[in-house]
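Analysis of the macromolecular model
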Amino acid sequence: MNYLTVPGASCIPEGPNYVPPANFSKGRRASVSAEPLSMEDDITNDRVIHPKTDEQRKRLQVAVKEILIFKSLDQEQREYVLDAMFEKAVPAGEKVIELGDNGDFFYVVDSGKLDCYIKINGEEKKVLTYDNTGAFGELALMYNTPRAATIIATEECVLWALDRTTFRQLVLLTTMKKRELYEEFLNAIPLLQELESYERMNLADALVTTQYKAGETIIKQGDEADSFFIIEKGTCEVKIKDTFSSQHTNEEVKLTELERGQYFGELALIYKKPRAASVIASTDVSCAVLDIGAFERLLGPCVEIMQRNVSNYESKLTELFGEQLSIDDLRR
């Protein structure tokens, strides 16, 4: 499910087991204009920890697994955030956030359904339903602006809440740093010149850096495709099984080599077919990896350019085996 990013409103957690964080104030903050963000904002030495049972911890890990902004965090930061989140039961009919209020918390849906309403031509209209998944409330925390939506539980729900300071300190600032690190790298890739600057920022948020050792197989010919790769550092070899030469050895032969800024894995995602080749790390390699859902959502403007690479690959096959071959021949 794709989620809509919506700002939200202040909501005081309830229940006998809730202990408010040290930075939490029950009073409303006055509405202010969007505050500037800097890397030093909200940095504190206080660590907020809400104890959880093993069962709660497992549910929380599942709930945040596909939330985009959490993918920027390393393992230590992720554990810090999970420690700071607390469970909130919401009865059917309750407004979790309300249009125009100030924001104190970011929410992740564990279970239940909630409807999202925004004001269109002076009337509040439903634009989205969260159905046992999703997250909301981040923009009001990021920019200290009033909530721009109302979100109402349509059935009994369980949410996970994260206070504003922890959100800004760990989630937001980590995302900003990641964007800065990726900005120059992504701007230099010709393929991505088709994207607007904000689309490249969204792409930076979705990328996950993955390390591979020299000799490690990154993708394997014949496997199902689930990711797209951009090389950040190191070199890779593209190899195919030799089923076309007179020897028919079925051993892998080198088709081409890839280096920093080049990409692979796109054709199997575009055509929804198994991998046509293997890619092996020639050196220690760092790749920016995009899963199939984010690929389809974020790289639509680049698909036509990627499709042109088919002829390049097929010309290399012809050079290698001396006969006209297609990418589909490699999947047989």
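Below or above, wherever it landed, is the structure these notes cover. (Residues numbered from 1 in each chain as written. Predicted model: local features only at pLDDT ≥ 70, side-chain atom pairs only at ≥ 80, totals over all residues. Heavy atoms only, no water.)

Before going further, it helps to examine the overall build of the protein. Scanning the protein from N- to C-terminus turns up eight helices and 16 strands. For the protein, the residues scored as buried account for 47% of the 332 residues in total. If you take every contact in the protein between residues at least 6 apart in sequence, the share linking residues at least 24 apart comes to 79%. (Helix = DSSP H or I, 4+ residues; strand = E, 2+ residues; numbered from the N terminus. Buried < 20%, exposed > 50% of the residue type's maximum accessible area, 1.4 Å probe, protein only. Contact = heavy atoms within 4.5 Å.)

The subject of this paragraph is the sheet that holds strand 14 (residues 263–264). The four strands are arranged 9-16-11-14 in an open sheet whose pairing can be described as antiparallel. Looking at strand neighbours, the two that pair on one side only are strand 9 (208–212) and strand 14, the edges of this open sheet. Helix 4 (residues 164–187) rests against strand 9, strand 11 (227–233) and strand 16 (285–291) of the sheet, and its axis sits at about 85 degrees to strand 11. (Pairing = 2+ DSSP bridges. Axes fitted to C-alpha atoms, helices over the stretch in contact; angles between N-to-C directions.)

Once that is clear, we can look at the packing of aromatic side chains. Using the criterion set out here, one finds nine aromatic pairs in the structure. Where Y182 meets F185, the ring centres are 6.4 Å apart and the plane angle is 40 degrees; that geometry is what we call tilted. Of the two residues, Y182 and F185 both sit in helix 4, three residues apart, roughly one turn of that helix. By relative accessible area, which is 6% here, Y182 ends up buried. We classify F185 as buried; its relative accessible area is 7%. Of the aromatic side chains, those joined through ring pairs into one cluster are F86, F105, Y107, Y130 and F136. (Phe/Tyr/Trp six-rings, centres within 6.5 Å; stacked < 30°, edge-to-face > 60°.)

Consecutive residues of a regular strand have side chains that alternate between opposite faces of the sheet. One ladder, built from six bridges, connects strand 12 (residues 236–241) with strand 13 (residues 252–258); its direction is antiparallel. Within strand 13, the residue paired with C236 across the bridge is L258. Relative to strand 15 (residues 278–281), strand 12 is paired through four bridges, and the arrangement is antiparallel. When the bridges of strand 15 are listed, K239 appears paired with S278.

Turning to the nonpolar core, a few remarks are in order. With 27 residues, the main nonpolar core has L186, L192, L203, F228, L290, L299 and M306 as its most contacted residues. Among the secondary structure elements, those contributing two or more residues to this core are helix 4, helix 5 (197–206), strand 11, helix 6 (266–271), strand 16 and helix 7 (292–298). Among the elements that make up this core, the one with the highest residue count is helix 6 (four residues). Those residues in contact with M306 that sit more than four places away from it in its chain are L191, F228, Y263, E266, L267, I270, F295 and L299. (Core = buried A, V, L, I, M, F, W, Y, C linked by side-chain atoms within 4.5 Å.)

On to the pattern of salt bridges, then. Counted according to the given criterion, the structure contains 11 salt bridges. With its nearest N and O atoms 2.5 Å apart, the salt bridge here joins R59 to E55. Here R59 pairs with E55, and both are found in helix 1 (residues 54–64), just four residues apart, close to one helical turn. According to the relative accessible area criterion, E55 is partly exposed, its value standing at 46%. In this structure, the salt-bridge partner of E257 is K254, at a minimum N-O distance of 3.2 Å. K254 gets classed as partly exposed once you look at its relative accessible area, which sits at 40%. A cluster of three or more residues bridged by salt bridges with shared partners is formed by E55, R59, E87 and D110. (Salt bridge = Lys/Arg side-chain N within 4 Å of Asp/Glu carboxyl O.)

What follows covers the sheet that holds strand 13. Pairing is antiparallel across the open sheet formed by four strands, whose spatial order is 10-15-12-13. Each edge of the open sheet is held by one strand with a lone partner, namely strand 10 (217–219) and strand 13. Going from strand to strand, the sheet's axes swing by 35 degrees on average, the running direction of each strand aside. Alignment of strand 10 against strand 15, held across two bridges, turns out to be antiparallel. Residue pairing across strands places T217 opposite I280, the latter belonging to strand 15.

Turning to the environment of R47, a few remarks are in order. By secondary structure assignment, the location of R47 is in the segment before helix 1. You can call R47 partly exposed: its relative accessible area is 42%. Separated by 37 residues in the primary sequence, R47 and A84 place their C-alpha atoms 7.7 Å from one another. When sequence neighbours within four positions are dropped, the list of residues in contact with R47 reads E79, Y80 and D83.

Quick look at unusual backbone geometry now. Despite not being glycine, N121 has its phi angle at roughly 55 degrees, a positive value. Its location among the elements puts N121 in the loop between strand 4 (113–120) and strand 5 (123–131). A residue is classified by how much of its surface remains accessible, and N121, at 77% relative accessible area, is exposed.

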